[in-house]
Amino acid sequence: MLKRVDARSDMALKPRVIGWLAGNLVRLLTKTLKVNIRDDSGILSQPPEHGVIWMFWHNRLLIIPSLYSRHTRRFREGAVLTSASGDGAMLAAVMRQFGLEAVRGSSSKRGAQALIECCRLLRRNHYIGITPDGPRGPVYQMQPGAVQLAKVGRAPILPVRVEYARAWRLKSWDRFFIPHPFSEVHIHLLPLVRIESDDLEGHCAVLTKMLEPVVP
């Protein structure tokens, strides 16, 4: 007798399988890269005794899991905020390859639950990675969610600038960067930003300026 396959289970499995394969490819690629890090935050030499929100543009995401795995995983647990969609499930599977948890949610789905979960992890001194223009853009347009989380969770924001010397660009909404093997990557960890007022729009403007890309 043929065993019936649950289509919903199959749909849930595919993003995880694709994510697992993609994670291993990303791991192989990042091992070839020449990574230069400028740490003006001091977070790598003197990790703070509290949670931190890592903020970077969506199209610069590829190098971040490797940065965490190589430099901060040994002393601090981390997680990333991903959407509750199939793409989010695939991204979560990629992140697991580097020891990162995933918090599922966005402004359009599971937003409140994701905020609560992120606050819980920050209280446990986790690092939380967030792309403020994701998951749908517009590219380089910062949404206030990350700043609001920093305010509610009482955690500083670490702006992370990433520039690839040579890279392919996908035909996605953000023109996602995939660096060429054996090319250089420049990572700038800027000074921590603390959200101490209710001017979310003003803080978004400051952070957008700090993260302004050299290559748009």
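You'll find the structure just up there.
In this report, the structure presented in the accompanying data block is examined. The residue numbers shown here count from 1 along each chain, following its written sequence. Predicted model: local features are reported for residues with pLDDT of at least 70 only, side-chain atom pairs are reported and counted for 80 or more only, and whole-chain, interface and lining totals are derived from all residues. Side-chain descriptors were evaluated using all non-hydrogen atoms of the structure, hydrogens and water having been removed beforehand.

Right, let's talk about the pairing of strand S4 (residues 100-104) for a bit. A pair of strands is treated as paired once DSSP finds two or more bridges between them. Only DSSP runs of H or I with at least four residues qualify as helices, and only runs of E with at least two residues qualify as strands; both kinds are numbered from the N terminus onward. Pairing geometry for strand S3 (residues 78-82) and S4, over five bridges, is parallel. When the sheet's bridge partners are listed, Val-80 is paired in S4 with Ala-102. Crossover handedness for the path S3 to helix H3 (residues 86-96) to S4: right-handed. For the handedness criterion, the strands are oriented away from the viewer, and a crossover whose path from the first strand over the helix to the second runs clockwise is classed as right-handed.

Here we come to the environment of Pro-159. In this fold, Pro-159 is placed in strand S6 (residues 157-164). Any residue under 20% of the maximum accessible area for its type is buried, any over 50% is exposed, and the rest in between are partly exposed; the area is computed with a 1.4 Å probe on protein chains only. Residue Pro-159 is classed as buried on the basis of its relative accessible area, which comes to 0%. Counting along the chain gives 103 residues from Pro-159 to Phe-56, while the straight-line C-alpha distance between them is 6.3 Å. Contacts are assigned to residue pairs that have any heavy atoms within 4.5 Å of one another. Setting aside anything within four residues of it in sequence, one finds Pro-159 in contact with Met-55, His-188, Leu-189, Leu-190, Pro-191, Val-193, Leu-207, Met-210 and Leu-211.

Another aspect to go through is the environment of Trp-20. Turning to its location among the elements, Trp-20 is positioned in helix H1 (residues 7-32). Owing to a relative accessible area of 49%, Trp-20 belongs among the partly exposed residues under this scheme. Not counting the four nearest positions on each side in its chain, Trp-20 is found in contact with Ala-93 and Gln-97.

This paragraph deals with the state of the cysteines. Only a pair of cysteine sulfur atoms within 2.5 Å qualifies as a disulfide here. Counted by the stated rule, this structure contains zero disulfides. Note on Cys-119: no disulfide assigned, nearest cysteine sulfur contributed by Cys-118 at a separation of 7.2 Å.

This paragraph deals with the packing of aromatic side chains. The rule is short: rings of Phe, Tyr and Trp, with Trp giving its six-membered ring, pair when the centres are within 6.5 Å, and they are stacked under 30 degrees, edge-to-face over 60, tilted in between. Going through the model one piece at a time under the given rule, you end up with three aromatic pairs. Residues Trp-54 and Tyr-127 carry aromatic rings whose centres are separated by 5.5 Å and whose planes lie at 50° to one another, so their mutual orientation is tilted. Pair noted here: Trp-54 is in strand S2 (residues 52-55) and Tyr-127 is in strand S5 (residues 127-130), with a separation of 73 residues, a long-range link. Take Trp-54: its relative accessible area is 4%, and that puts it in the buried class. Judged by its relative accessible area of 2%, Tyr-127 is buried. Between the aromatic rings of Trp-57 and Tyr-140, the centroid separation amounts to 5.4 Å while the plane-to-plane angle is 70°, which identifies the pairing as edge-to-face. With Trp-57 in the loop between S2 and helix H2 (64-71) and Tyr-140 in the loop between S5 and helix H5 (145-153), this pair connects stretches of sequence that are 83 residues apart. A relative accessible area of 3% means that Trp-57 is categorised as buried.

If you look at the biggest cluster of nonpolar residues, it comprises 55 residues, and the most contacted ones within it are Trp-54, Ile-157 and Val-160. Ignoring sequence-local partners within four residues, the contact set of Ile-157 consists of Ile-53, Met-55, Ala-146, Val-147, Ala-150, Pro-191, Leu-192, Val-193, Ile-195 and Leu-207. Each nonpolar core is a collection of buried residues, namely Ala, Val, Leu, Ile, Met, Phe, Trp, Tyr and Cys, held together in the definition by side-chain atoms within 4.5 Å.

A pair is scored as a salt bridge if a Lys or Arg side-chain nitrogen falls within 4 Å of a carboxyl oxygen belonging to Asp or Glu. Taken as a whole and assessed by the stated rule, the structure comprises five salt bridges. A salt bridge links Asp-198 to Lys-151; the shortest N-O distance between them is 3.7 Å. In this pair, Asp-198 is assigned in the loop between strand S9 (184-189) and helix H6 (200-210) and Lys-151 in helix H5, connecting sequence segments 47 residues apart. According to the relative accessible area criterion, Asp-198 is exposed, its value standing at 67%.

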